[in-house]
Amino acid sequence: MLHVFAHPGLSSSRINKAQWRAAQSVSGITSVDLYAENPRYTMDIEAEQQRLLNHDVILLQFPLFWYSCPALVKEWIDLVFEHGFAYGEGGDRLKGKLLMLAISAGGPQEAYSHKGYQHFTLRTFLTPFEQTARLCQMHFPAPYVQHGALSADPAPHARGFSRLLEGLRDDRLDMDRALQSEILTHDTLPLIES
Ligand SMILES: Cc1cc2nc3c(=O)[nH]c(=O)nc-3n(C[C@H](O)[C@H](O)[C@H](O)COP(=O)(O)O)c2cc1C
């Protein structure tokens, strides 16, 4: 599995830094720090595409910024998910793979509803990612989420993230439940015990 991590201000991060550190002790996965690898937003598109081809599960981890991803994640998708590679004529190289998001959001869960102050559900904000996956014929399970990220204790979310990575690596994520869920959290991870 390929774990692509993106945070432009890692030194001040609590949640994502704890997750990133937890991921480092999970064996048998490829973890990539996108900002560390591409500080000038330059990208080796062929190498990035090859990395995608080498893995069946692609997990993108980032903090929610203005209801979307940090800029480098957008750049990565724009450049790497090319026509003829990811979609369009002859573009089925990602077909059947799984694209999953792991996201932290400052707003509390109740804010992300029609009656809440964010006015829309988190899944509504994430529809560009969901439809990108669909266009590329990829599966898109519910995202792994930490709400209230500015005050939440990072430890349970980071521990859950390790369990999620191990579950994805070992094909133990209950895909039916993950596809049907709205979001997944550290205490609602549908993992099949080994
Ligand atoms: C530029 C910027 C934009 C943000 N936009 C949102 C947002 O749209 N919705 C939200 O819930 N939180 C938003 N936040 C809060 C971040 O999601 C939050 O700081 C982050 O998830 C915390 O994770 P960290 O401890 O790893 O930095 C934003 C923060 C920044 C710096």
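Here, every reference points to the structure presented above.
Attention in this report is confined to the structure presented alongside it. Every value quoted in this text rests on a predicted model; they were computed, and no experiment measured them. (Residues numbered from 1 in each chain as written. Predicted model: local features only at pLDDT ≥ 70, side-chain atom pairs only at ≥ 80, totals over all residues. Heavy atoms only, no water.)

Tallying each qualifying case throughout the model produces 9 aromatic pairs. Between Tyr67 and Phe125 the ring centres are 4.6 Å apart and the planes differ by 20 degrees, which places this aromatic pair in the stacked class. With Tyr67 in the loop between β3 (57-63) and α4 (71-80) and Phe125 in helix α5 (residues 122-125), the pair connects residues that are 58 residues apart, well separated along the chain. Exposure remark for Phe125: the relative accessible area of 17% places this residue in the buried category. Ring-pair connections join several aromatic residues into one group, and the members of that group are Trp66, Tyr67, Tyr112, Phe120 and Phe125. (Phe/Tyr/Trp six-rings, centres within 6.5 Å; stacked < 30°, edge-to-face > 60°. Helix = DSSP H or I, 4+ residues; strand = E, 2+ residues; numbered from the N terminus. Buried < 20%, exposed > 50% of the residue type's maximum accessible area, 1.4 Å probe, protein only.)

Turning our attention to the site of the ligand. Near the ligand, the surroundings consist of 17 residues, among which Ser13, Arg14, Asn16, Ser104 and Tyr112 are the closest. At 2.8 Å from an oxygen atom of the ligand is found a main-chain nitrogen or oxygen belonging to Arg14. At a separation of 2.8 Å, an oxygen atom of the ligand approaches a polar backbone atom of Tyr67. Protein burial of the ligand: of its 630 Å² of free accessible surface, 76% is covered by the chains. Across the shell around the ligand, the residue classes tally to 10 nonpolar, 6 polar and 1 charged. (Near = heavy atom within 4 Å. Polar contact = N/O pair within 3.5 Å; in protein donor to acceptor, adjacent residues only side chain to side chain. Areas by Shrake-Rupley, 256 points an atom, 1.4 Å probe, with all protein chains shown as cover. Nonpolar A, V, L, I, M, F, W, Y, C, P; charged D, E, K, R; others polar.)

To continue, consider the pattern of salt bridges. Taken as a whole and judged by the stated rule, the model has 8 salt bridges. Among the ionic pairs, Arg51 bridges to Glu48, the shortest N-O distance being 3.0 Å. With Arg51 and Glu48 both in helix α3 (residues 45-53) and 3 residues apart, the pair spans about one turn of that helix. Exposure class is identical for Arg51 and Glu48. Each is buried. Across the pair Lys74 and Asp78 runs a salt bridge whose closest N-O atoms are separated by 3.0 Å. Separated by 4 residues within a single helix, Lys74 and Asp78 lie in helix α4, roughly one turn from each other. The class for Lys74 is partly exposed, based on a relative accessible area of 45%. (Salt bridge = Lys/Arg side-chain N within 4 Å of Asp/Glu carboxyl O.)

For soluble globular proteins, nonpolar side chains are generally found buried alongside one another. Leu52, Phe62, Trp76 and Phe81 are the most contacted members of the largest nonpolar core, which has 38 residues in total. If you list the elements that add at least two residues to this core, you get β1 (2-5), α2 (34-37), β3, α4, β4 (98-104), α5 and α6 (127-135). With 5 residues, α4 is the single largest residue contributor to this core. Contacts of Phe81, omitting those with residues within four sequence positions, involve Leu52, Trp76, Ala86, Tyr87, Leu94, Thr132, Cys136 and Met138. Formed by 20 residues, the second largest nonpolar core is a distinct cluster that contains Met1, Ala142, Leu173 and Leu184. (Core = buried A, V, L, I, M, F, W, Y, C linked by side-chain atoms within 4.5 Å. Contact = heavy atoms within 4.5 Å.)

This paragraph deals with the layout of surface pockets. Volume-wise, the largest pocket comes out at about 270 Å³. In terms of lining, the largest pocket is formed by 14 residues, of which the most central are His7, Pro63, Ser104, Ala149 and Leu150. Size it by volume and the second largest pocket reaches roughly 230 Å³. In terms of lining residues, the second largest pocket is bounded by 14 residues, among which Lys74, Ile77, Asp78, Pro128 and Thr132 are the most central. Elements supplying a minimum of two residues to the lining of the second largest pocket: α4 and α6. Tallied by class, the residues present in the lining of the second largest pocket amount to 10 nonpolar, 2 polar and 2 charged. (1 Å grid on protein atoms, 1.4 Å probe; cavity = no way out; pocket = protein on both sides within 12 Å on 5 of 7 lines; lining within 4 Å. Points joined across faces, edges and corners; volume = space filled by probe spheres on them.)

Moving on, we come to the packing of α3 against α4. Running from N to C, α3 and α4 point in directions that differ by 90 degrees, and their axes come no closer than 10 Å. One way to sum up the angle between α3 and α4 is to call them roughly perpendicular. Residues Ile45, Glu48, Gln49 and Leu52 of α3 form the contact with α4, whose participating residues are Trp76, Leu79 and Val80. In terms of residue class, the contact of α3 with α4 is built from 5 nonpolar, 1 polar and 1 charged. (Axes fitted to C-alpha atoms, helices over the stretch in contact; angles between N-to-C directions. Parallel < 35°, antiparallel > 145°, perpendicular 65-115°, else oblique.)

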